[in-house]
Structures are given as C-alpha cells and as structure tokens.
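# Commentary on secondary and tertiary structure
Read off the chains here:
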Amino acid sequence: MNIADEIKRLHELHQAGALSDAEFAQAKARLLATSDTSASGNQQGQGFNHLNQFRRSKKDQWLGGICGGLGQFTGLDSWIWRLMFVFFSLYFGAGVVAYLLAWIFIPEES
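Residues numbered from 1 in each chain as written. Predicted model: local features only at pLDDT ≥ 70, side-chain atom pairs only at ≥ 80, totals over all residues. Heavy atoms only, no water.

## Observations regarding the packing of helix 5 (residues 78-91) against helix 6 (residues 94-105)
Packed helices, taken two at a time, are described by their axes: the angle between them and the distance between them. For clarity, the cut-off: Each axis is a line fitted through C-alpha atoms, taken for helices only over the stretch in contact, and angles between the N-to-C directions span 0 to 180 degrees. By definition, any uninterrupted DSSP run of H or I lasting at least four residues is a helix, any uninterrupted run of E lasting at least two residues is a strand, and each is numbered from the N terminus. Note on angle classes: values under 35 degrees are labelled roughly parallel, values over 145 roughly antiparallel, values of 65 to 115 roughly perpendicular, and the remainder oblique. In what follows, residue pairs with any heavy atoms lying within 4.5 Å of each other are defined as contacts. Here the nonpolar group is Ala, Val, Leu, Ile, Met, Phe, Trp, Tyr, Cys and Pro; Asp, Glu, Lys and Arg are the charged ones; every other residue, Gly included, is treated as polar.
The N-to-C vectors of helix 5 and helix 6 enclose an angle of 130 degrees; their axes lie 5 Å apart at closest approach. Between helix 5 and helix 6, the crossing angle belongs to the class labelled oblique. Along the contact surface, helix 5 presents F85, F88 and S89, while helix 6 presents A94, G95, V96, A98 and Y99. Per-class residue counts for the contact of helix 5 with helix 6 are six nonpolar, two polar and no charged.

In structure tokens form, the structure reads like this:
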C-alpha cells in the first residue's frame, strides 16, 4: 500500500469518527516521517537488491539451472518456466537465446 492510500484510509477513519483530530494529525505525521526515511533509503535500490538475490539453482536443474532459479525466485514451479522456455523457443526462437544469455550472466547459487 502506498502513502496516498494510507493517508486516504486515515482520512476515511477520521471522517467516520474513529480518529480524533489530534490522533489523525499524529498518525499522518508518523506516516509521512516513515515515508521520508524509506524514500531516502532509495526504494529503487531495494528492488535491485531483491533482483541481485536471483541465482541459478544447483538442486533443481536440467541444463543450467535457470528455470529452477526462476522457480525459487518467483515462487512458480520450475516446470512452468521450462514450459515457457520451450514455447518461446519453438514459436519465436527467443527462448534459446534468453536461456543462453541467462546461463552466461546469472551466477550459480553457492
């Protein structure tokens, strides 16, 4: 939930009478203070840190472990990723290229 949604929710609670004027002002100030610290923490950098956790799998691999790593990273089963690579390889030819590039550039888990 982003900051605008949180402030909207606080405003709705204030309008419904669940929050007094002082409670609303305090909650809004606390929300804006936490958003300033998280914005200074560079939210884009947090996304890249999460992406840097992507590794090729050693346990769930047929060729290079790309699909096993994608399965661990996204939460989908690795057979779904394998099926997608086969589909894109047969119909578009891009699956083989993407798999080879991923095999080259994505490090293996330790």
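On we go.
## What about the packing of helix 4 (residues 66-74) against helix 5?
The test is simple: Working rule for handedness: look at the near helix, and if it is turned counterclockwise from the far one by less than a right angle, call the crossing left-handed; if clockwise, right-handed.
Remark: helix 4 packs on helix 5, axes separated minimally by 8 Å, with the N-to-C direction vectors making an angle of 125 degrees. It follows that helix 4 is oblique to helix 5 by the angle criterion. For the crossing formed where helix 4 meets helix 5, the hand is right-handed. Between helix 4 and helix 5, the contacting residues are I66, C67, G68, L70, G71 and T74 on the first element and S78, W81, R82 and F85 on the second. Its residues assigned to classes, the contact of helix 4 with helix 5 shows five nonpolar, four polar and one charged.

## Here's the deal with the nonpolar core
Short version of the rule: In these notes, a set of buried Ala, Val, Leu, Ile, Met, Phe, Trp, Tyr and Cys residues joined through side-chain atoms within 4.5 Å is what counts as a nonpolar core. Exposure classes here rest on a 1.4 Å probe applied to the protein chains alone. A residue is buried below 20% of its type maximum, exposed above 50%, and partly exposed in between.
The biggest cluster of nonpolar side chains holds nine residues, and these are F54, I66, C67, L70, W81, F85, Y99, A102 and I106. For this core, the elements supplying multiple residues, two or more each, are helix 4, helix 5 and helix 6. Residue contributions to this core peak at three residues, all from helix 4. In contact with F54, other than residues within four places in its own chain, are I66, G69, L70, F73 and I106. Counting five residues, the second-largest nonpolar core is a separate cluster that includes L19, F24, A27 and L31.

## Examining helix 5
Cut-off, in case you're wondering: Helix span is expected to be 1.5 Å times the residue number reduced by one. This arc is built from the directions going out from the helix axis to the C-beta atoms.
Its 14 residues give helix 5 an end-to-end C-alpha distance of 20 Å, which sits within 8% of 20 Å, the value for a rise of 1.5 Å per residue. Turning to helix 5, its buried residues number three or more, namely S78, W81, R82 and F85. Buried residues of helix 5 fall within an arc of 100 degrees about the axis and therefore sit on the same side. In helix 5, the exposed residues that point more than 90 degrees away from the buried face are W79, L83, L90 and Y91. As for helix 5, its buried residues are in contact with helix 4 and helix 6. Phi turns positive one or two residues past the end of helix 5, at G93, with a value near 80 degrees.

## Let's talk about a nonpolar patch on the surface
Selection criterion: The patches reported here contain residues having more than 30% relative accessible area and no salt bridge. Joining distances are 9 Å for like charges and 5 Å for nonpolar side chains (Val, Leu, Ile, Met, Phe, Trp, Tyr). Accessible surface area values rest on a Shrake-Rupley calculation with a 1.4 Å probe, where residue burial reflects the displayed protein chains alone. In the sections that follow, a salt bridge refers to a side-chain nitrogen of Lys or Arg positioned within 4 Å of a carboxyl oxygen of Asp or Glu.
Taken together, M84, V86, F87, F88, L90, Y91 and F92 make up a surface patch of nonpolar side chains, about 760 Å² in accessible area. Positionally, M84 belongs in helix 5.

## As for helix 4
Turning to helix 4, its buried residues number three or more, namely I66, C67, G68, G69, L70 and G71. Packing partners of the buried residues in helix 4 comprise helix 5 and helix 6. Just downstream of helix 4 lies G75, where phi reads positive at about 90 degrees.

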